[in-house]
Amino acid sequence: MNTDMATQELWQRRLSLFPITAAVQPSPRQGTPVLTVAGCDLEALAHAHGTPLYCFDAATLDAAAAAYQRSLAAHYPGRSTVTYAGKAFCCKAIAQWTQRQGFWFDCTGAGEIAVAVAAGVPQQRILVHGVNKSDEDLDAALRHAGTLVVDNLAELHRCAGRTQALAAMPHLWLRVRPGVAVDTHAYRQTGQEDSKFGMSPQEVLQAVQLCRAHSLPLTGLHFHQGSHFHDPAPIGPALDTVLHLVAELASTTGWQPASLSPGGGWGVPYHEDDLPHRDVDAYVSFVAQRLIEGCAARGLDLPTLHLEPGRSLVARAGVALYRTGVEKHSATRRWLPIDGGLADNPRPALYGARYSALPVRAPQRPVAGTTWIAGPFCESGDVLIEALPLPLLEAGEVLAVPVSGAYHLAMQSNYNGARKPAVLWLADGAAHVIQRRETIADLLARDADLP
Ligand SMILES: Cc1ncc(COP(=O)(O)O)c(C=O)c1O
């Protein structure tokens, strides 16, 4: 392959990581081609709103939602719900978008519950998770949620102790630890036997007895084996464990879950080397088929199937924009400094997450070498992208990082006094601010003088 073809192929693969509306169009100002999303010139947005800047493409979000809806309708017709895992990216606008899709909204703790309530998510669509819920979390859940996923026996006792004060109690589901994790980074595995999440099958049996003794509205079982997996196979043995438990419960207590959730966790491609990637239908069809077969084999009623995706709904819709500084060279590396990184996206430092990027202006320029893209923060681990083939970039250019919609802003910090970036909603050529940039005044707002 000659150099031009290699550049072209690399560029095409990289562009396909961006939102579905991404295109390269001549800039109205200079005529130079620029990267656009939803018809919006990303360079103009960076100029108008400052960097780092996060942009979400409405069309990509809608397409991701439609893919789940289509697959569930095809493989598990009539009895399914999608719950958006708010932990991936939580703000009022995204919660309101989930309501346009008819989704439930999964909250972890009182803070996310407050966002869901402020966004107008109806009570019956608020589902609450949490591994060690505080009293505030539990009280908010009992007050605002339609469904509360109980993590452990102690929490169930705390719920039972609070029921008298309640006019209506949310549905309770029990979180099972199935003893099988999915294939992902150890920090994102949750289903293994020694995980901190959920209850062993033995504890679930006790929990069911307790619910019956206290007449608690137990309606479902839940498990989640980890996040960002590409092979659904480990869901098979986990479903077997859970359905075995259900069969035992059905024969000993007569209780069967009306709802069953194998959580979320379907992965996405972040880098051109991750392509091609299996689409969501491979995951949904696998889960649906194993559930249908597992219930039939044990003579169990088919429950409503709840899927709980976060990343696979929002990751691709998000693009992070940074402004470049002056290139620097160390013994073996060419460094491209940018004005964000660890504070708005801790994933590379947390578990070696690998990203790609394109310059916003003239993104098809030929590659000039391997670049290490680093943020301004006082940690050597603040390297957003390692060893990425890139063109030469001048200081002051805008760099776009695709697949930035999940677990960036949800895990961002004010390290080194960083102010959290503005977030834009892009649709039909227009950009709307859905979260404003933090100000110095915001940073100081919680501080008090020394007495
Ligand atoms: C209980 C639960 N459900 C759903 C999710 C969503 O996972 P993902 O964003 O990978 O789909 C998570 C994330 O870890 C989770 O802990």
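What you see is a predicted model, and the numbers here were worked out from it, not measured in a lab. (Residues numbered from 1 in each chain as written. Predicted model: local features only at pLDDT ≥ 70, side-chain atom pairs only at ≥ 80, totals over all residues.)

**Some details on the overall build of the chain**
Reasoning step 1: Helices and strands together make up the secondary structure of the chain, namely 13 helices and 21 strands.
Reasoning step 2: Relative to the globule expectation of 22 Å for 451 residues, the C-alpha radius of gyration of the chain, 23 Å, shows essentially globular dimensions.
Reasoning step 3: Reported as C-alpha extents along the three principal axes, the dimensions of the chain are approximately 70 × 65 × 45 Å.
Reasoning step 4: Put simply, the chain has 451 residues, and 47% of those count as buried. (Helix = DSSP H or I, 4+ residues; strand = E, 2+ residues; numbered from the N terminus. Rg over C-alpha atoms; globule rule 2.2 N^0.38 Å. Buried ≥ 20, exposed ≤ 12 C-beta atoms within 10 Å, placed from the backbone.)

**A look at the sheet that holds strand 19 (residues 398–401)**
Reasoning step 1: Reading across the sheet, the 6 strands line up as 16-19-13-4-20-21 and stay open at both edges, with mixed pairing between neighbours. Two strands in the sheet have a free side with no partner beyond their single neighbour: strand 16 (358–359) and strand 21 (430–435).
Reasoning step 2: Sitting on the sheet, helix 3 (residues 58–75) is in contact with strand 4 (53–57) and strand 20 (422–427), with an inclination near 50 degrees to strand 4. (Pairing = 2+ DSSP bridges. Contact = placed C-beta atoms within 7 Å. Axes fitted to C-alpha atoms, helices over the stretch in contact; angles between N-to-C directions.)

**Some details on the sheet that holds strand 17 (residues 369–374)**
Reasoning step 1: The strand order across the open sheet formed by 4 strands is 14-15-17-18, and the pairing between neighbours is mixed. Looking at which strands have only one partner, the edges of the open sheet turn out to be strand 14 (328–329) and strand 18 (383–390).
Reasoning step 2: Judged from the 5 bridges that link them, strand 17 and strand 18 form a sheet pairing that is antiparallel. Bridging from a neighbouring strand, Gly369 pairs with Leu390 of strand 18.

**Thoughts on the environment of Thr60**
Reasoning step 1: The topology assignment puts Thr60 in helix 3.
Reasoning step 2: The class of Thr60 is buried, set by 25 C-beta atoms lying within 10 Å.
Reasoning step 3: A sequence separation of 14 residues divides Thr60 from Ala74, and the C-alpha atoms of the two residues are 21 Å apart.
Reasoning step 4: Those residues in contact with Thr60 that sit more than four places away from it in its chain are Pro19, Ile20, Thr21, Arg316 and Ala317.

**Side note on the site of the ligand**
Reasoning step 1: Taken together, 17 residues surround the ligand, and among them Ala85, Ser227, Gly264, Gly310 and Arg311 come closest.
Reasoning step 2: Counted by class, the shell around the ligand contains 5 nonpolar, 9 polar and 3 charged residues. (Near = placed C-beta within 6 Å. Nonpolar A, V, L, I, M, F, W, Y, C, P; charged D, E, K, R; others polar.)

**Things to note about the pairing of strand 13 (residues 318–323)**
Reasoning step 1: Burial analysis of strand 13 places 5 of its 6 residues in the buried class, the great majority of the element.
Reasoning step 2: Direction of pairing for strand 4 relative to strand 13: antiparallel, over a ladder of 4 bridges. The residue bridging Cys55 from the neighbouring strand is Val319, located in strand 13.
Reasoning step 3: Two elements, strand 13 and strand 19, share 4 bridges in a ladder whose sense is antiparallel.

**So, the domain arrangement of the chain**
Reasoning step 1: Domain annotation for the chain reports domain 1 (3–58 + 318–444) and domain 2 (76–314).
Reasoning step 2: For domain 1 versus domain 2, the distance between C-alpha centres works out to 33 Å.
Reasoning step 3: Every contact between the two is made by 22 residues of domain 1 and, on the other side, 17 residues of domain 2.
Reasoning step 4: Among the secondary structure elements, those contributing two or more residues to the side of domain 1 that touches domain 2 are helix 1 (3–15), helix 12 (347–351), strand 20 and strand 21.
Reasoning step 5: Residue composition of the side of domain 1 that touches domain 2, grouped by class: 14 nonpolar, 5 polar and 3 charged. (Domains from an automatic or database assignment.)

**A short note on the nonpolar core**
Reasoning step 1: Core analysis: the largest hydrophobic core is formed by 124 residues, its most contacted members being Leu42, Cys55, Ile113, Leu321, Ala400, Leu424 and Leu426.
Reasoning step 2: A per-element tally of this core places helix 9 (residues 235–252) first, with 8 residues.
Reasoning step 3: Residue contacts for Ala400: discarding those within four places in its chain leaves Leu35, Leu42, Val319, Leu321, Ala357, Leu358 and Val360. (Core = buried A, V, L, I, M, F, W, Y, C linked by C-beta atoms within 7 Å.)

**Re the packing of helix 7 (residues 153–162) against helix 8 (residues 201–213)**
Reasoning step 1: Where helix 7 meets helix 8, the axes come as close as 10 Å, and the angle between the chain directions of the two elements is 10 degrees. With respect to helix 8, the axis of helix 7 lies roughly parallel. For the pair formed by helix 7 and helix 8, the contact residues are Leu153, Leu156 and Ala160 on the first element and Glu203, Gln206, Ala207 and Leu210 on the second.
Reasoning step 2: Looking at side-chain class alone, the contact of helix 7 with helix 8 contains 5 nonpolar, 1 polar and 1 charged residues. (Parallel < 35°, antiparallel > 145°, perpendicular 65-115°, else oblique.)

**Overview of the packing of helix 3 against helix 10 (residues 280–298)**
Reasoning step 1: It is the contact of helix 3 with helix 10, at a shortest axis distance of 9 Å, that shows an interaxial angle of 35 degrees. The way helix 3 lies across helix 10 gives a crossing that is right-handed. Residues Ala67, Tyr68, Ser71, Leu72 and His75 of helix 3 pack against Val280, Asp281, Val284, Ser285, Ala288 and Gln289 of helix 10.
Reasoning step 2: The residue makeup of the contact of helix 3 with helix 10, split by class, is 6 nonpolar, 4 polar and 1 charged. (Left-handed = near helix turned anticlockwise from the far one by under 90°.)

**Quick word on helix 7**
Reasoning step 1: Among all positions of helix 7, only Glu155, Leu156 and Cys159 are buried. Buried residues along helix 7 cover an arc of 100 degrees about the axis, so they all sit on one side. Exposed positions of helix 7 whose direction lies more than 90 degrees from the buried face are Ala154 and Gly161. (Arc of directions from axis to C-beta.)

**Some words on the environment of His47**
Reasoning step 1: Tracing the backbone shows His47 in helix 2 (residues 42–49).
Reasoning step 2: Using a count of 14 C-beta atoms within 10 Å as the deciding quantity, one classes His47 as partly exposed.
Reasoning step 3: Put simply, His47 and Ala282 are 235 residues apart on the chain and 40 Å apart in space, counted from C-alpha to C-alpha.

**Focus on helix 4 (residues 92–100)**
Reasoning step 1: Listing the buried residues of helix 4 in full gives Ile94, Ala95, Trp97 and Thr98. Down the axis of helix 4, the buried side of the element spans an arc of 155 degrees, and every buried residue falls inside it.
Reasoning step 2: As for helix 4, its buried residues are in contact with helix 3, strand 5 (80–85), strand 6 (104–108), helix 5 (109–119) and helix 11 (311–314).
Reasoning step 3: Looking one or two places after helix 4, you find Gly102, whose phi comes out positive at around 75 degrees.

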